[in-house]
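Chains, contacts and geometry: an overview
The lines below spell out each chain.
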Amino acid sequence: MTTSTAITILGLGPGRWEDLTLQARALLERAASDKKTVFFRTLIHPIIEPLKHEIPNLSITSFDSFYDEATNWDTLYQRIAQEICTQAEQHSSVLYAVPGHPLIGEASAQLILQQARERGLSTSIVAGLSFLEPVCATLELDPFTSGMQIIDATVLAALRSDEIAGKIIPTIPLLVAHIYHRRLASAVKLTLSECYPDEWPVKLVRSTGLATHETVGEHGGDKTRPYITTGETVGEQGGDKPRPYITAGETVIEMPLYEIDRNSLASHFNALYVPPLEALDALRIPETLRYITMRLRRHPDGCPWDRQQTHQSLTRYVIEETYEVVEALEENDLEKLAEELGDLLLQVYLHAEIARQDGDFNIGDVFEHVSAKLIRRHPHVFGQIEVQNAGQVVQNWEEIKRQERIAAGKDVQSESILDGVPLASPALIVAQKYQKRAAKIGFDYDNLQAVLAKLTEELQEFQEATTPEHKHEEMGDVLFMVSRVARELNIDAEEALRYANRKFRQRFQAMEHITLQEGRTFSSYNLDEWIHLWNRVKE
């Protein structure tokens, strides 16, 4: 005794009757004999008319209404999969027919297999000729040697903007299947425009080896045109059964990407071929920056200056680019911020490329370290830990870091509470971090008045200093206590000083502008005039 499969997913092939496998025909004929309804993903497929002609008593239903009702590309196939699994639970077995091959460019089949496993439903696949073979024949393209990416249009359209660069590699050929609706074509266009230029030439492959499903009359008469295929002579198949359908040849329409939704060419059996960009044209993906830095450092045809750089020689540029990012942030100049973040990212890639050439590490190691660290230090996001507030997050973070140091073989018992603060950081930042850590164990002032009293004491000591070395030391103490006053008032001392510097620059440049308007040189102004100018620009 055999148990029937709960869900059978059957491939209909690309459209011609003769491309339907013998196994698929037998299952469809058995379904007709058993008076069992077959579920079709769509009836907008050239196999439907020949199928109705060959198996006239076959009961057919489809999910075309789901397409018409769809408001979210991400849930369309989920809905179909849920319905098929529900039908299988209610009727013990279901036959679901899809265009092409069920496992090639058929998102609904994958979702059905997944949901069936979750519900404990058995499944089987009946293979069919996929849409891929006729498309590749038309384009004269080998998808394996070209490394072609294949994606369903609804899957592509559902990608969030932050996902696109990680899902689509524009330097590799791309084939988008099932752009069945003009609205879907618009969504696909918007997604692809994140990676490709709007003018990028793409190819719409129409009727990918599919048969038309029209009845052809002869000059308006009643005579039905017999079944033919491309390249065949018109004639009766066996002489006893005329077949009211013909095969249309493939058509390739080339157009710029921005035009794919400005026509009525959308169809269930069309595919969009997107040729690859050259390495230096794919400017919106990380791989291009990796390639550029590799070329800059490559011997002997790279850049002589870049090839000479070392980790040490580039250190100053890391610092400079970091501060330019900070400046863009503080000026709230987002266009400048995008540019400066890119310059800082270049430093990351350059150091990674130097390390790769030296055999130390590569950019993949950089990604792995930071990704693993973020996952490890956010168990409340990526694990099972629950937190109530940001304070608990910080507490967990510090404990995780402590465990990491233990795992690295460090003696945490002998660690100083001040360890881990980079001395290369700006001095005011280091000062406030030291003060904050010392305060955690009680080494702190009671109130603001006590802090101000200490600042007064340090100023007095500075005034009493007699040697350059002593003045240097006491000035450091003064600045340290100024930063402590700022911390008492919850003020970031480094940020406050940068703001003061920026304010001074703006006012002084305004004074320079006035001197130019007045046609005078700086040296012609006396102190009283400078004070007057300063008060003018302050207003």
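Everything below is about the structure printed above this text.
A brief report on the enclosed structure follows. Just so we're clear, the structure is a prediction, and the values are computed from it rather than from any experiment.

Analysis parameters
Residues numbered from 1 in each chain as written. Predicted model: local features only at pLDDT ≥ 70, side-chain atom pairs only at ≥ 80, totals over all residues. Heavy atoms only, no water. Core = buried A, V, L, I, M, F, W, Y, C linked by side-chain atoms within 4.5 Å. Buried < 20%, exposed > 50% of the residue type's maximum accessible area, 1.4 Å probe, protein only. Helix = DSSP H or I, 4+ residues; strand = E, 2+ residues; numbered from the N terminus. Contact = heavy atoms within 4.5 Å. Salt bridge = Lys/Arg side-chain N within 4 Å of Asp/Glu carboxyl O. Pairing = 2+ DSSP bridges. Axes fitted to C-alpha atoms, helices over the stretch in contact; angles between N-to-C directions. Patch = residues over 30% accessible without salt bridge, like charges linked within 9 Å, V, L, I, M, F, W, Y side chains within 5 Å. Areas by Shrake-Rupley, 256 points an atom, 1.4 Å probe, with all protein chains shown as cover. Lys, Arg positive; Asp, Glu negative; His and termini not counted. Charge placed at Lys NZ, Arg CZ, Asp CG, Glu CD. Expected span 1.5 Å × (residues − 1). Arc of directions from axis to C-beta.

Our focus in this paragraph is the nonpolar core. Of all hydrophobic cores here, the largest spans 55 residues; its most connected members are Ile7 and Tyr196. Take this core: its biggest share by element is seven residues, from helix H4 (residues 73–91). With residues near it in sequence (within four places) discarded, Tyr196 still touches Ile168, Ile169, Pro170, Ile172, Leu174, Leu257, Val274, Pro275 and Leu277. Listed in part, the 19 residues of the second largest apolar core include Ala24, Leu28, Ile47 and Leu58.

Turning our eyes to something else, we now look at the pattern of salt bridges. Inspection of the entire model under this criterion finds 32 salt bridges. Across the pair Arg505 and Glu331 runs a salt bridge whose closest N-O atoms are separated by 3.6 Å. Placement of the pair is Arg505 in helix H20 (residues 493–518) and Glu331 in the loop between helix H12 (315–330) and helix H13 (334–358), with a sequence separation of 174 residues. Its salt-bridge partner being Arg520, residue Glu529 comes within 3.2 Å of it at the nearest N-O pair. Taking relative accessible area as the criterion, Arg520 reaches 30% and is therefore assigned partly exposed. Through salt bridges with shared partners, a single network forms among Glu327, Glu331, Lys336 and Arg505.

Taken together, the five strands give an open sheet; going across it, the order is E3-E2-E4-E1-E5, and neighbouring strands pair in parallel fashion. What marks the edges here is a single partner per strand, and that holds for strand E3 (60–62) and strand E5 (123–126). For this sheet, the mean angle separating the axes of adjacent strands, direction not counted, is 25°. Looking at chain direction, strand E2 (residues 38–40) and strand E4 (residues 94–98) are connected through two bridges and run parallel. Within E4, the residue paired with Phe40 across the bridge is Ala97. Taken strand by strand, helix H1 (residues 22–33) contacts strand E1 (7–11), E2, E4 and E5, and its axis lies near 125° from that of E1.

With that settled, consider a negative patch on the surface. On the surface, Glu324, Asp333, Glu335 and Glu339 cluster together into a negatively charged patch. Topologically, Glu339 is positioned in helix H13. Take Glu339: its relative accessible area is 53%, and that puts it in the exposed class.

Let us look at the sheet that holds strand E8 (residues 201–206). Spatially, the five strands line up as an open sheet ordered E6-E7-E10-E8-E9, and their pairing is mixed. Single-partner strands in this sheet number two, and they are strand E6 (149–152) and strand E9 (251–256). Strand-to-strand twist across the sheet, computed as the mean angle between neighbouring axes with direction ignored, equals 25°. Relative to strand E10 (residues 271–274), strand E7 (residues 174–177) is paired through four bridges, and the arrangement is antiparallel. Its bridge partner being in E10, Leu174 is matched across the sheet by Val274. In the packing of helix H6 (residues 132–139) onto the sheet, the strands contacted are E6, E7, E8, E9 and E10, and the crossing angle to E8 comes to about 125°.

End to end, H12 covers 23 Å across 16 residues, agreeing with the expected 22 Å (1.5 Å per residue, within 8%). When we look at burial in H12, the residues that qualify are Glu321, Val325 and Ala328. Buried residues of H12, viewed axially, fall in a sector of 65°; they line one side. Against H13 lie the buried residues of H12. Just past H12, the residue Asn332 takes up positive phi, approximately 55°.

Read these as layout, nothing more, since geometry by itself doesn't imply function.
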